[in-house]
Amino acid sequence: MTDYDGLTPGQVLADASVAEFIKTLGLSIAEAQQALDENSVDQIAEFITPRDGLGGRTLLDLGLSPAFYHYQHADISCSLQLSLRVEKDLSVGLNLNGSFNDTQTSDSDQSESSESTESGSSTASRERTAEISVQSSSTGALTLGGRQFQISGDDPLARIRALQEAVTSDAQAGVPRLLYEHPDRTFTISTDAEPEKVATTDRTVAFKGGGFDRCVIQIDANSATDYEFNGSITVNTTAQGALQAYADHVKTEVEGAGYTASLYAPTDPITTTHFKTGKHHLETFSIDGTTYNDDMIQSLGYLAQFAKDHNFELEVKGFADAQRYRNQSPSESNQSNIDLGNCRADEVIRILLGQGLPANQVRRITSEGSADAQAAGGTPDNVNFRKAEIRIKNRSVYYLLVRSPNSGLTIESVTPDKTTPGTSGNGFAWLYRPQSLSLSGKKVTIEGTDFPFSGASAAGHAAGSPSAYAENLKNDINANASVDFSASAEANVVTVFGKSTPFRLTLVSSEERSIQISGTEGITVTRQFTRTESSSLTRQNTGNRTVAVGASLDVRFSRQFEMNVTGNSSISARLVSIPAPPEFLETIKTFLAQND
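The structure displayed is predicted, hence computed values, not measured ones.

Peer 1: Just checking my understanding: could you explain the overall build of the chain for this structure?
Peer 2: Regarding its fold elements, the chain presents 10 helices and 30 strands. Evaluated residue by residue, the chain yields a buried proportion of 38% over its 596 residues. Across the chain, contacts joining residues at least 24 apart in sequence account for 73% of those joining residues at least 6 apart. Total accessible area on the chain is roughly 32,000 Å²; 47% of this is exposed by carbon and sulfur atoms.

Written as structure tokens, this is what we have:
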């Protein structure tokens, strides 16, 4: 059989002998015509035979003659269907196996044999998180792992922070870490007070003033400079061996004039805040006789004004010490501390914004958690690493922050004056002079409701102080049942919260037991704790080893050809009868006459 693999359709058709098939059909018509002619000739004998019934005459004598038949035309039609299939099959089989046996035997005066088997299992609890939302006005109860925590406090922040403290301090609750996010509702807030006395944002009201004189001295050249603080105090300085030494020299001379001074090198943070263990809100606290964050919120207000005046961009980064959270592995504690560090940075940014710093002038640097504390070593519980650092981006000069200890030591009419943004050289870059915060007859309007300012002494704050104004405004807002918002006061800043707008709380646990969460009035559980996960590992080592290796390859190839030819044909012919040719009949008659 022809190998059809690779042939074109025309080549296959030629091999099928279609022309031969059509030729055969044509010849069949010619053969049929021949048979008809021979039949007509064979009938002549009947026509020339005398017949008794005819008086010895023939049919030919009577004028009859044999009929001849002729195909006047013929139509031949033919249709063919050819199908060709070529199948190829290639199969490859690969089988690998192997074996190896290694046995060692030694004989000596000293023999030693050993066998060790290591097996064991470990179960590691994974960190689990749950989420709840607590409305700002909620005074409900949170039930956590069978323990109930009643929400209480005079304002939204006081309630949330008290809940955080209660939950994380209760070991039976099983939640060593609780972080919260502030509500994101904004408000329409305006005031008719002077902007240098009261600053408002879409969430806060900040009262300016109070305190004593302060300034920032810029040091970028190691050159003798006289710093005039007022008409009667001038600090004279001389050049030193290096810029760092000169900056230290200026600090010493300023302190000698009676002021309090803090020096910040270009690589130093401009401000550092500290936090209690596991917490991320600013508060004043003491450890081993050292007080942290004293007047920090108002100090952040001064920094916000300084950065705003000079269009500085601030960068805030949060940190954590190396303490591990209860029941957490080291890696889980590391992640928890990163989250905590970010929350601490966010808290500082929130206060800076509340003090009037534009949002585009401050950003958070992602926390590295306890990485610095671990690298430093030492005691894991270290307040020096529970902090947030604020830096001025791209700062290249020394800053000396100078504070007056009393109202009699002023800072005014200073020289050299470098308060214009972008000015280089040694001199005074920024000044703060306290002002009387008299806001009689002034008010703030929140969502269309007016709240007159009051400077009466409140919560231990002196009358007329920024903190007193803030405390009174908070109380007035919370006493107004007709509005749908409430407020909290932190030092000189009042923050407004929607009563139904929730704080978002994230609870973290590493305990294996089931901890169910439920809440009453204003508390919604948005995600329960997930189940614990466990993993087990078993290892066994023996002194015998067997390895086997083998391979086999099976390759098969096959081809199958199949060709089908189907079709039909038809012949349409017209057959007519014609008389015998006259010449033919005449020839027969002449022949018969000669024989007579």
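Peer 1: Honestly, unusual backbone geometry in this entry has me stumped. Any pointers?
Peer 2: A negative phi angle is the norm for most residues apart from glycine, just as the trans form is the norm for most peptide bonds. For the bond running from Thr-415 to Pro-416, omega is -5°, close enough to zero to count as cis. Locating Pro-416 in the fold gives a position in the loop between strand 20 (398-403) and strand 21 (427-432). A positive phi is found at Ser-413, a non-glycine position, where the angle reads about 50°. As for its position among the elements, Ser-413 is in the loop between strand 20 and strand 21. Classification of Ser-413 by relative accessible area gives exposed; the value is 58%. With a phi angle near 55°, Ala-491 is a residue other than glycine that sits in the positive phi range. Looking at where Ala-491 falls in the secondary structure, it is placed in the loop between strand 24 (485-490) and strand 25 (493-498).

Peer 1: Could you clarify how one ought to interpret the sheet that holds strand 9 (residues 204-207) in this entry?
Peer 2: Pairing between the strands of a sheet is mediated by backbone hydrogen bonds and can be parallel or antiparallel. In space, the 4 strands of this open sheet follow the order 8-9-25-24, with antiparallel pairing throughout. Of all strands in the sheet, those with a lone pairing partner are strand 8 (198-200) and strand 24, marking the two edges. Adjacent strand axes in the sheet meet at a mean angle of 20° when their direction is disregarded. Bridge count between strand 24 and strand 25: 6 bridges; the pairing is antiparallel. Within strand 25, the residue paired with Ser-486 across the bridge is Phe-497. Packing of helix 4 (residues 156-169) onto the sheet brings it into contact with strand 24 and strand 25, and relative to strand 24 it is tilted by some 75°. Across the sheet, helix 9 (residues 466-479) is in contact with strand 9, strand 24 and strand 25; its angle to strand 24 comes to roughly 160°.

Peer 1: Got a minute to help me understand the pattern of salt bridges in this structure?
Peer 2: Pairing between side chains becomes possible if they bear opposite charge and their charged atoms approach one another. Considering all chains together, one arrives at 28 salt bridges under this definition. In this structure, the salt-bridge partner of Asp-339 is Arg-177, at a minimum N-O distance of 3.8 Å. You can see Asp-339 sitting in helix 7 (residues 330-354) and its partner Arg-177 sitting in strand 6 (residues 177-181), a full 162 residues away along the chain. When its relative accessible area of 27% is taken as the criterion, Asp-339 is described as partly exposed. Overall, the relative accessible area of 3% leaves Arg-177 in the buried class. The salt bridge involving Glu-389 is made with Lys-387; its shortest N-O contact spans 2.8 Å. Take Lys-387: its relative accessible area is 12%, and that puts it in the buried class. What you see here is one network of salt bridges that share partners, running through Arg-161, Glu-347, Arg-350 and Glu-490.

Peer 1: Explain the pairing of strand 19 (residues 387-392) here, please?
Peer 2: Consecutive residues of a regular strand have side chains that alternate between opposite faces of the sheet. Across the 6 residues that make up strand 19, a large majority, 5, are buried. Bridge count between strand 17 (residues 314-318) and strand 19: 5 bridges; the pairing is antiparallel. Bridge assignment links Lys-317 to a residue of strand 19, and that residue is Glu-389.

Peer 1: What is the right way to look at the packing of aromatic side chains in this model?
Peer 2: The relative placement of two aromatic rings is captured by the distance of their centres and the angle of their planes. Under the criterion given, the structure shown has 16 aromatic pairs. For the pair Phe-285 and Tyr-292, a centre-to-centre distance of 5.4 Å together with 25° between the ring planes defines the contact as stacked. Classification of Phe-285 as buried rests on a relative accessible area of 7%. Where Tyr-302 meets Tyr-432, the ring centres are 4.7 Å apart and the plane angle is 50°; that geometry is what we call tilted. Within this pair, whereas Tyr-302 is found in helix 6 (residues 296-310), its partner Tyr-432 is found in strand 21, the two being separated by 130 residues in sequence. Of the two residues, Tyr-302 and Tyr-432, neither departs from the other in class, the shared state being buried. Cluster of aromatic residues (ring-pair linked, three or more members): Tyr-302, Phe-306, Phe-312, Tyr-399, Trp-430 and Tyr-432. One residue, Lys-387, lies across the ring of Phe-319, its end atom 5.0 Å from the ring centre.

Peer 1: I'm lost on helix 4 in this one. Help?
Peer 2: Note on helix geometry: an α-helix contains 3.6 residues per turn, so any two residues three or four positions apart are oriented the same way. Look at helix 4: 20 Å from first C-alpha to last across 14 residues, which is about the 20 Å you get at 1.5 Å a residue. For helix 4, the full list of buried residues reads Pro-156, Leu-157, Arg-159, Ile-160, Arg-161, Leu-163, Gln-164, Val-167 and Thr-168.

Peer 1: Help me understand the pairing of strand 17 in this model?
Peer 2: Most of strand 17 sits out of view: 5 of its 5 residues are buried. Because side chains alternate across strand 17, one face comprises the buried residues Leu-314, Val-316 and Gly-318, and the other comprises Glu-315 and Lys-317, equally buried. Summarising the sheet, strand 17 and strand 18 (residues 362-365) pair through 4 bridges and their orientation is parallel. Residue pairing across strands places Lys-317 opposite Ile-365, the latter belonging to strand 18.

Peer 1: Sorry, what's going on with the nonpolar core here?
Peer 2: Proteins that are soluble and globular tend to have nonpolar side chains buried together. Counting 33 residues, the largest nonpolar core has Leu-314, Leu-352 and Ile-390 as the members making the most contacts within it. Those elements that provide at least two residues to this core are helix 6, strand 17, helix 7, strand 19, strand 20 and strand 21. Sort the elements by how many residues they give to this core and helix 6 lands first, with 8 residues. Apart from residues lying up to four places away in sequence, Leu-352 is in contact with Leu-300, Ala-304, Leu-314, Val-316, Leu-357, Val-362 and Ile-390. Counting 23 residues, the second largest nonpolar core, distinct from the first, contains Leu-142, Leu-163, Ile-515 and Ile-523.

Peer 1: Just checking my understanding: could you explain the side chain of Gln-355 for this structure?
Peer 2: Within the secondary structure, Gln-355 is located in the loop between helix 7 and strand 18. Given the relative accessible area of 3%, Gln-355 is considered buried. When near neighbours in sequence (up to four residues on either side) are disregarded, Gln-355 contacts Ala-206, Lys-208, Ile-297, Gln-298, Leu-300, Gly-301, Ala-304, Asn-492 and Val-493.

Peer 1: Explain the sheet that holds strand 7 (residues 189-191) here, please?
Peer 2: Ordered by their spatial adjacency, 3 strands build an open sheet running 7-22-23, and the pairing between neighbours is antiparallel. Two strands bound the open sheet, and with one partner strand each, they are strand 7 and strand 23 (449-452). Each strand of the sheet is rotated relative to its neighbour by a mean of 25°, with strand direction disregarded. With 4 bridges joining them, strand 22 (residues 443-446) and strand 23 adopt antiparallel strand pairing. Bridged to Thr-445 within strand 23 is Asp-450. Taken strand by strand, helix 9 contacts strand 22 and strand 23, and its axis lies near 140° from that of strand 23.

Reading the values: rules and limits
- Here, residues in each chain are numbered from 1, in the same order as that chain's written sequence.
- Since the coordinates come from a predicted model, pLDDT governs what is reported: local features require at least 70, and pairs of side-chain atoms require 80 or more to be given and counted, while whole-chain, interface and lining totals use all residues.
- No hydrogens and no water enter the side-chain calculation; it runs on all heavy atoms of the structure.
- Helical segments are the DSSP runs of H or I of at least four residues, strand segments are the runs of E of at least two, and each set is numbered from the N terminus.
- Here the term buried applies to any residue with accessible area under 20% of the maximum for its type, exposed to any over 50%, and partly exposed to those in between, with areas from a 1.4 Å probe on protein chains only.
- The contact definition used throughout considers only heavy atoms, calling two residues in contact when any of these lie within 4.5 Å.
- Only the protein chains shown count as cover for residues, and the accessible areas themselves come from Shrake-Rupley with a 1.4 Å probe.
- We call two strands paired when DSSP finds no fewer than two bridges between them.
- Interaxial angle, 0 to 180 degrees, is taken between N-to-C directions of lines fitted to C-alpha atoms, where a helix line uses only the stretch in contact.
- Salt bridges are identified by distance alone: a Lys or Arg side-chain nitrogen within 4 Å of an Asp or Glu carboxyl oxygen.
- Two rings from Phe, Tyr or Trp (for Trp, the six-membered ring) form a pair when their centres are within 6.5 Å of each other. A pair whose planes differ by under 30 degrees is stacked, one over 60 is edge-to-face, and the rest are tilted.
- Any Lys NZ or Arg CZ found within 6 Å of a ring centre and within 35 degrees of that ring's normal is scored as a charge over the ring.
- A helix is expected to span 1.5 Å multiplied by its residue count minus one.
- As used here, the term nonpolar core means buried Ala, Val, Leu, Ile, Met, Phe, Trp, Tyr and Cys residues forming a set that is joined through side-chain atoms within 4.5 Å.

This is a description of form; function is not addressed.
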